[in-house]
Amino acid sequence: GKNFVERFIPQENQSSVGDVLQKALSGRETANFSLPLLSKHGTRYTVLLNATTRRDGKGEVTGVVGVGQDITELNQVMAESKRVADDLMRLIETANAPIFGIDTSFNVTEWNA
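Thresholds, definitions, all that
- Residues numbered from 1 in each chain as written.
- Predicted model: local features only at pLDDT ≥ 70, side-chain atom pairs only at ≥ 80, totals over all residues.
- Heavy atoms only, no water.
- Pairing = 2+ DSSP bridges.
- Helix = DSSP H or I, 4+ residues; strand = E, 2+ residues; numbered from the N terminus.
- Axes fitted to C-alpha atoms, helices over the stretch in contact; angles between N-to-C directions.

K.L.:
How should the pairing of strand β5 (residues 108–111) be read in this particular structure?
P.N.:
In the case of a regular strand, side chains alternate between the two sheet surfaces. The pairing of strand β4 (residues 100–102) with β5 spans three bridges and is antiparallel. Note that in β5 the partner of Gly101 across the bridge is Glu110. Connecting the antiparallel pair β4 and β5 is a turn made up of five residues, with Phe106 showing a positive phi of about 65°.

Next up, the structure:
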């Protein structure tokens, strides 16, 4: 087989991913570790990884089981939502007219003046 870290992890992230996998080999599992992953065709994904120690019937460590969830699209949607929110905030702060928001009890929640 091919070395997972060398083949599927970008160079700048190999050390941190290697550390997570080494910890799993030592019996220390890692949950929800975000890492960039390259497909065999070179496409870059962001994966949320859980790394668990793999053991045989005698309890001896035989490797690591990695379970990942592709969060690439989720990260893109979150980044776009933040960009839109930032744009709206800048618009409100720089508008030449009063812009305000109120809650259901008519309390002011936003005000640019």
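K.L.:
Looking at this structure, I do not really get the sheet that holds strand β2 (residues 44–55). What am I missing?
P.N.:
In a beta sheet, neighbouring strands pair by backbone hydrogen bonds and run either parallel or antiparallel. Strand order in the open sheet made by the three strands is β1-β2-β3, with antiparallel pairing throughout. Because the sheet does not close on itself, it has two edges, and the strands there are β1 (30–38) and β3 (61–70). Averaged over all pairs of adjacent strands, the angle between their axes in this sheet comes to 40°, without regard to strand direction. Bridging between β1 and β2 involves seven bridges; their strand directions are antiparallel. When the bridges of β2 are listed, Leu37 appears paired with Tyr45.

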